[in-house]
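# Geometric and topological summary
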Amino acid sequence: MSSQNVVAKKRFGQNFLKDERILREIIEAMPENANKIAEIGPGLGDLTNYLVDVKSVVAFEVDTDLCKHIETRFYDAINTSHLTLHCGDVLERWQSTLLDEPYDLVANLPYYIATNIILRALADTQCENMLVMVQREVALKFAAEPGEKNFGALGVIAQSVAEVQVVVDVPPHSFEPPPKVDSAVLLIRKHADRDDEAFEQFLRTAFTQPRKTLYKNLSVYYEKEKVKAALEQLGLASSIRPHQLATRDYHQLYNIL
Ligand code: SAM
């Protein structure tokens, strides 16, 4: 099957990256290390083609038509083990770790599961770095600093264990077919394994109603007096809103409560 015959399948979030400048920027932004690369959704293989030149790649593709295309296009790379291809849904395959050795995730992610994938990779002890194309709105949530309007649970979760930065904004016309939204490449460099489930639950409670006060949100779950005392102990006003706290404050508050 040649790439000319491929009809993009919306249900798999297929928007193929065709912009050579962005492809090169992704390769230039890759962390320098000896890690394998996991690529979720190689699609037609344009990003894969750059990746196999510099690293050993393990790719996961759900679409059987595209799997056949990749097998043909990368016949040599597969035979020389520069590329390993797994056909099927990556989420079904992904247990606690995606690979059983340290890896970096580099991918133009299917947007309908992008947040889910990033959260899994943050929790995956073998994943050390991520360089991922996502919807711009999602990138801004992960990268937002305390006090910014996009700052929320995703920012706290990611920044508790990683440095997060937006590498480049990507307009819709860089893809075929163009998506309806703007995109961005996000670099997430982990420095620790993700915190436990209980901390995540705590953050979800803190951001239940982002416009309400933190005191009000936390009081649904914790005793009011305890919340008040914890805020006082940290020198935080009871009128403070969830997005106004720093990541460090959340960890301290969680430990106290
Ligand atoms: N990497 C290609 C590129 O940059 O042009 C394609 C990116 S496209 C946005 C997303 C890719 O992820 C598609 O190839 C799609 O079939 C694949 N995909 C979607 N859902 C998947 C899943 N659950 N598991 C594995 N691959 C998936």
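Here, the structure is the one placed above.
A brief structural summary. What you see is a predicted model, and the numbers here were worked out from it, not measured in a lab. (Residues numbered from 1 in each chain as written. Predicted model: local features only at pLDDT ≥ 70, side-chain atom pairs only at ≥ 80, totals over all residues. Heavy atoms only, no water.)

Here the focus is helix 6 (residues 114–123). Inspection of helix 6 places Ala114, Ile117, Ile118, Ala121 and Leu122 among the buried residues, and these make up the whole buried set. Viewed along the axis of helix 6, the buried residues span an arc of 135 degrees, placing them on a single side of the element. (Buried < 20%, exposed > 50% of the residue type's maximum accessible area, 1.4 Å probe, protein only. Helix = DSSP H or I, 4+ residues; strand = E, 2+ residues; numbered from the N terminus. Arc of directions from axis to C-beta.)

Attention now goes to the site of the ligand. Taken together, 23 residues lie near the ligand, and Leu17, Gly41, Glu61, Asp89 and Tyr112 sit nearest. For the ligand, a nitrogen atom lies 2.7 Å from a polar atom in the backbone of Gly41. Coverage of the ligand by the protein amounts to 99% of the 600 Å² it exposes when considered alone. Of all the elements in the fold, those that place two or more residues in the shell around the ligand are strand 1 (16–17) and strand 3 (57–61). (Near = heavy atom within 4 Å. Polar contact = N/O pair within 3.5 Å; in protein donor to acceptor, adjacent residues only side chain to side chain. Areas by Shrake-Rupley, 256 points an atom, 1.4 Å probe, with all protein chains shown as cover.)

Next up on the list: the nonpolar core. Leu105, Ile118, Leu186 and Tyr250 are the most contacted members of the largest nonpolar core, which totals 55 residues. Looking at this core, you find at least three residues from each of domain 1 (3–190) and domain 2 (197–256). Excluding anything up to four places from it in sequence, Ile118 contacts Leu109, Met130, Val132, Val134, Phe142, Leu186 and Ile188. In this structure, Leu17, Ile27, Cys67 and Leu83 belong to the second largest nonpolar core, which totals 28 residues. (Core = buried A, V, L, I, M, F, W, Y, C linked by side-chain atoms within 4.5 Å. Domains from an automatic or database assignment. Contact = heavy atoms within 4.5 Å.)

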